[in-house]
Amino acid sequence: MWEMSAVGYRRLGATGSLAAAAGGWAAGSLPARDPWNLWVPHGTATTVAAAVLAYAGLTLLLAAWWGYGRVAREAPVRETLTTLAWWTAPLLLAPPLYSADVYSYIAQGAMVLEGHDVYAAGPAVLDPGGPGGDAAASVGGHWTHTPAPYGPVFLVLARAVTWLTGGTIVPAVLGMRLVAVASLVLVVWALRSLARDRGRSESGALWLGALNPLLLMHVVGGLHNDGVMTGLMLAGMVGALRGRWVVGSALIGLAAMVKSPAAVALLFAGVAVARTATGPRARRVAMGLLAPGLVAAAVAVAATLLTGTGFGWLRTQGVAGTIHTALSATSDLGLALGELLHLLLGTDPDPVKAAVQRLGLAAALALIAHLAWRSLRGRPDPVHALGLALLALVALSPMVQPWYLLWGMAAVAATAAPAGRVTRVLVVLSLALPYETQPSGHTPAYGFALAGAACLLGVWLLRREKSPARV
């Protein structure tokens, strides 16, 4: 009887996705200017009603996702992919949801197209009436003057979209959504491959790693380039673990040229190489440590030279870390400690905060190295270790956004024990974090309250059910 339940969850989730997308037309991250007059404000009352509709739709989608997790392990892959298509389809034509970052992407693509140095200036340098001008006007806050923290591979994708659409807001956003959907397809392929190679349920892996509302809302709806990074990174791990480590390392290099955290995967691709190489142990370890990195470095240099964006990405990787986000434990702790010392001793709080952030990153690096060493010795599996390493990096990072959880969750989805502790934590966070951000991209106080309530509900549900998420 699983088919009846699965179909019901599929329909419930599609209804929720449709409601979230419909609410986004008035309450989403609307552009400052839209020459087509499609994505424009409709007044306070309409915006509030639309936001309520979007939140209600999100709740239905989360409920459907939770329910589908109870049958996902036994469901044929084709049925799970059909469910994914149903839940994704309503978001395809919606305006940007939960973030205005896509306007930065389009504006940066226009900057590359016009020959500006994206690593030295922000979208404010664009002509307001030229290609990308409307996107630049829609960029949020200080990002207007902030250099791009992304690698040249992603910038050349943004440049292509801007060139094809002339930078006009609606077609440019929809063009970036095609990139996001392509990244979702790549994630699906990689998840299936990794799960199948390990004898795990493909549908179970897809449920946690691709059907997850956190991914649907922030990659398909919000168009974050983390989807591109994750898809390329996981595809690279598939290649490395199947003996095609050169291709795999090259793909991971491309992923790092989208967003730098993907470079962590090189260490675990190296573990895979060392575990399968022949010869003395020292030679195998040396090959694992050096070979993938050298291939990825060659890809990075080639990508930078071919795209013509320059090597400025080497100095802009810390740009995001200058922004305080409430989800960053090290930033919160550093800020609190700095303010306390300021009150007691009159010291400057900023150096204290920076020191705590650096300690957090140092701890994350130590954990990553420990996981790689354990994996090299036999356990855990390199992909699972990669997932844990990325989760540790996010947890101890100076800047944390809800969608950063996706970096490690996709890897863990293909390898984690069905009802293991890591899976349970990720399930609860997946239920809670989507509430943290408004459809408009803002993070109000009530968003954290809703996320906290969802977190408590998720813990209660897990305790209540003997097998809450059999994947």
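Residues numbered from 1 in each chain as written. Predicted model: local features only at pLDDT ≥ 70, side-chain atom pairs only at ≥ 80, totals over all residues. Heavy atoms only, no water.

Some words on the overall build of the protein
When its secondary structure is counted, the protein shows 19 helices and zero strands. A principal-axis box enclosing the C-alpha atoms of the protein has dimensions of 70 × 55 × 55 Å. When burial is assessed residue by residue, the protein has 56% of its 471 residues classed as buried. Contacts spanning at least 24 positions in sequence make up 75% of the contacts within the protein whose residues lie at least 6 apart. Looking at the protein as shown, the accessible area adds up to about 19,000 Å², and 67% of this sits on carbon and sulfur atoms. For the protein, the separation between the mean place of its 31 positive charges and that of its 19 negative charges on side chains is 15 Å. (Helix = DSSP H or I, 4+ residues; strand = E, 2+ residues; numbered from the N terminus. Buried < 20%, exposed > 50% of the residue type's maximum accessible area, 1.4 Å probe, protein only. Contact = heavy atoms within 4.5 Å. Areas by Shrake-Rupley, 256 points an atom, 1.4 Å probe, with all protein chains shown as cover. Lys, Arg positive; Asp, Glu negative; His and termini not counted. Charge placed at Lys NZ, Arg CZ, Asp CG, Glu CD.)

Here's the deal with the packing of helix α17 (residues 405-413) against helix α18 (residues 421-432)
Contact geometry of α17 with α18 gives a least axis separation of 11 Å together with a crossing angle of 135 degrees. Classified by the interaxial angle, the pair formed by α17 and α18 is oblique. Crossing handedness for the pair α17 and α18: left-handed. On α18, the residues touching Leu405, Met409 and Val412 of α17 are Val422, Leu426, Leu429 and Ser430. Residue composition of the contact of α17 with α18, by class: six nonpolar, one polar and no charged. (Axes fitted to C-alpha atoms, helices over the stretch in contact; angles between N-to-C directions. Parallel < 35°, antiparallel > 145°, perpendicular 65-115°, else oblique. Left-handed = near helix turned anticlockwise from the far one by under 90°. Nonpolar A, V, L, I, M, F, W, Y, C, P; charged D, E, K, R; others polar.)

Digging into the side chain of threonine 146
Mapped onto the elements of the fold, threonine 146 is located in the loop between α5 (133-138) and α6 (152-165). Residue classification places threonine 146 among the buried residues on the basis of a relative accessible area of 8%. Apart from the residues within four sequence positions on either side, threonine 146 is in contact with Ala121, Gly122, Pro123 and Val319.

What to know about the environment of proline 261
Its location among the elements puts proline 261 in the loop between α11 (245-256) and α12 (264-276). Residue classification places proline 261 among the buried positions, given a relative accessible area of 15%. When the C-alpha atoms of proline 261 and aspartate 226 are compared, they prove to be 9.8 Å apart, with 35 residues separating the residues in sequence. If sequence neighbours within four positions are ignored, proline 261 has contacts with Met229, Leu390, Leu393 and Trp407.

Regarding the side chain of serine 138
One can find serine 138 in helix α5. A relative accessible area of 9% places serine 138 in the buried class. A polar contact is formed between the side chain of serine 138 and the backbone oxygen of aspartate 134, at a distance of 2.8 Å. Excluding residues that lie within four positions of it along the chain, serine 138 makes contacts with Pro31, Ala32, Arg33, Ala100 and Tyr103. (Polar contact = N/O pair within 3.5 Å; in protein donor to acceptor, adjacent residues only side chain to side chain.)

So, the environment of alanine 63
The residue alanine 63 is located in helix α2 (residues 44-69) in this model. With a relative accessible area of 40%, alanine 63 lands in the partly exposed category. Between the C-alpha atom of alanine 63 and that of valine 400, which follows or precedes it by 337 residues, the distance is 25 Å.

Description of the nonpolar core
Ranked by internal contacts, the top residues of the largest apolar core, which has 133 residues, are Tyr68, Trp87 and Phe268. For this core, the element with the highest residue contribution is helix α7 (residues 169-197), accounting for 13 residues. Residues in contact with tyrosine 68, not counting those within four places in the same chain, are Ala6, Tyr9, Ala75, Glu79, Thr80, Thr83, Trp87, Trp207 and Leu211. (Core = buried A, V, L, I, M, F, W, Y, C linked by side-chain atoms within 4.5 Å.)

Quick notes on the packing of aromatic side chains
Ring pairs (aromatic) are described by centroid distance and by the angle formed between their planes. Going through the model one piece at a time under the given rule, you end up with nine aromatic pairs. Arranged with centres 6.2 Å apart and planes meeting at 65 degrees, the rings of tyrosine 55 and tyrosine 446 form a pair that is edge-to-face. With tyrosine 55 in helix α2 and tyrosine 446 in helix α19 (residues 445-464), this pair connects stretches of sequence that are 391 residues apart. Pairing tyrosine 68 with tryptophan 87 gives two aromatic rings, centres 6.4 Å apart and planes at 70 degrees, and the pair type is edge-to-face. (Phe/Tyr/Trp six-rings, centres within 6.5 Å; stacked < 30°, edge-to-face > 60°.)

Here's the deal with unusual backbone geometry
The residue after arginine 379, namely proline 380, is reached through a cis peptide bond having omega 0 degrees. Topologically, proline 380 is positioned in the loop between α15 (349-376) and α16 (382-395). Even without being a glycine, asparagine 37 presents a positive backbone phi close to 55 degrees. Structurally, asparagine 37 can be placed in the loop between α1 (2-27) and α2.

Observations concerning the pattern of salt bridges
Taken as a whole and assessed by the stated rule, the structure comprises nine salt bridges. Ionic pairing is found between arginine 315 and aspartate 117, a salt bridge with its closest N-O pair at 4.0 Å. Of this pair, arginine 315 sits in the loop between α13 (281-307) and α14 (329-345) while aspartate 117 sits in the loop between α4 (101-114) and α5; the two residues are 198 residues apart in sequence, bridging distant segments of the chain. A relative accessible area of 56% means that arginine 315 is categorised as exposed. Between glutamate 202 and arginine 192 there is a salt bridge, with the nearest N and O atoms lying 2.7 Å from each other. Remark: arginine 192 occurs in helix α7 and glutamate 202 occurs in helix α8 (residues 202-209); sequence separation between them is ten residues. With a relative accessible area of 27%, arginine 192 lands in the partly exposed category. Residues joined by salt bridges that share partners form a network here, namely Arg10, Arg78 and Glu79. (Salt bridge = Lys/Arg side-chain N within 4 Å of Asp/Glu carboxyl O.)

Thoughts on the environment of glycine 221
Take glycine 221: it is sitting in helix α9 (residues 213-221). Glycine 221 sits in the buried class, given a relative accessible area of 0%. In this structure the C-alpha to C-alpha distance between glycine 221 and proline 96, which are 125 residues apart in sequence, comes to 5.9 Å. Beyond its immediate stretch of four places on either side in the chain, glycine 221 contacts Leu91, Pro95, Pro96, Leu97, Arg177 and Leu216.

Focus on helix α3 (residues 77-88)
Helix length check: α3 (twelve residues) gives 16 Å between terminal C-alpha atoms against 16 Å at 1.5 Å per residue, within 8%. For α3, the full list of buried residues reads Val77, Glu79, Thr80, Thr83, Leu84, Trp87 and Thr88. (Expected span 1.5 Å × (residues − 1).)

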